[in-house]
Amino acid sequence: MAGEQRTVEPGTDVLIRKVDSHLAALRGGLHGPELELAERLARCLRELVLCTAQASAADRGQVRVAVHYFVLRRESRGRLLSVRSLAVAERVVDRVARQLGRPDLLAELHRNRPTPDDTKPLSNALQH
């Protein structure tokens, strides 16, 4: 059987499974625009994971941060858990896509929106 073999870095499948698993869980509770945004984010993240599988450790690390930011988003359950909105996850994913030179993978709907803070390192962005 002649087929194209693809080398996948360790961790690539794990990240994609995390994204897919989280999206499956979100599908049970989200509807309308929120679900559409979650699905766009998941598509962007899957593609970023795949396109950086052979990239530098720094690039893979940025994508890993974006995946974890999306996956660790929590709904409000009292005062104990912090709330990370999908909109904030969207900004993180879009910032990573821009920094990696992949504006085609932006999750945002309004791609012409000004982004004055794109030059800041991702680690600084996550602190705010």
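As the structure is a computational prediction, the values presented were derived from the model and not from experiment. (Residues numbered from 1 in each chain as written. Predicted model: local features only at pLDDT ≥ 70, side-chain atom pairs only at ≥ 80, totals over all residues. Heavy atoms only, no water.)

A. Looking closely at the packing of helix H2 (residues 32-51) against helix H4 (residues 86-99). At a minimum axis distance of 10 Å, the contact between H2 and H4 shows a crossing angle of 25°. In terms of axis orientation, H2 runs roughly parallel to H4. For H2 against H4, the interelement crossing comes out left-handed. Two secondary-structure elements touch here, H2 through Glu34, Leu37, Ala38, Arg40, Leu41, Cys44, Leu45 and Leu48 and H4 through Leu86, Ala87, Ala89, Glu90, Val93, Val96 and Ala97. Looking at the contact of H2 with H4 residue by residue, the class counts come to 12 nonpolar, no polar and 3 charged. (Axes fitted to C-alpha atoms, helices over the stretch in contact; angles between N-to-C directions. Helix = DSSP H or I, 4+ residues; strand = E, 2+ residues; numbered from the N terminus. Parallel < 35°, antiparallel > 145°, perpendicular 65-115°, else oblique. Left-handed = near helix turned anticlockwise from the far one by under 90°. Contact = heavy atoms within 4.5 Å. Nonpolar A, V, L, I, M, F, W, Y, C, P; charged D, E, K, R; others polar.)

B. Region of interest: the environment of Leu45. Structurally, Leu45 is set in helix H2. In sequence terms Leu45 and Leu105 are 60 residues apart; their C-alpha atoms lie 8.4 Å from each other. Ignoring sequence-local partners within four residues, the contact set of Leu45 consists of Val19, Ala66, Val67, Phe70 and Val93.

C. Expanded view of H4. With 14 residues, H4 should cover 20 Å at 1.5 Å per step; its first-to-last C-alpha distance of 20 Å lies within 8% of that length. Just past H4, the residue Gly101 takes up positive phi, approximately 70°. (Expected span 1.5 Å × (residues − 1).)

D. Just the pattern of salt bridges, in detail. Scanning the model with the defined rule gives 3 salt bridges in all. The partner of Asp20 in a salt bridge is Arg46, and the shortest N-O contact between them spans 2.6 Å. In this pair, Asp20 sits in helix H1 (residues 12-27) while Arg46 sits in helix H2, placing the two residues 26 residues apart along the sequence. Judged by relative accessible area, which is 23%, Arg46 ranks as partly exposed. Here Glu39 makes a salt bridge to Arg27, at a shortest N to O gap of 3.2 Å. In this pair, Glu39 sits in helix H2 while Arg27 sits in helix H1, placing the two residues 12 residues apart along the sequence. Since its relative accessible area comes to 24%, Glu39 is described here as partly exposed. (Salt bridge = Lys/Arg side-chain N within 4 Å of Asp/Glu carboxyl O. Buried < 20%, exposed > 50% of the residue type's maximum accessible area, 1.4 Å probe, protein only.)

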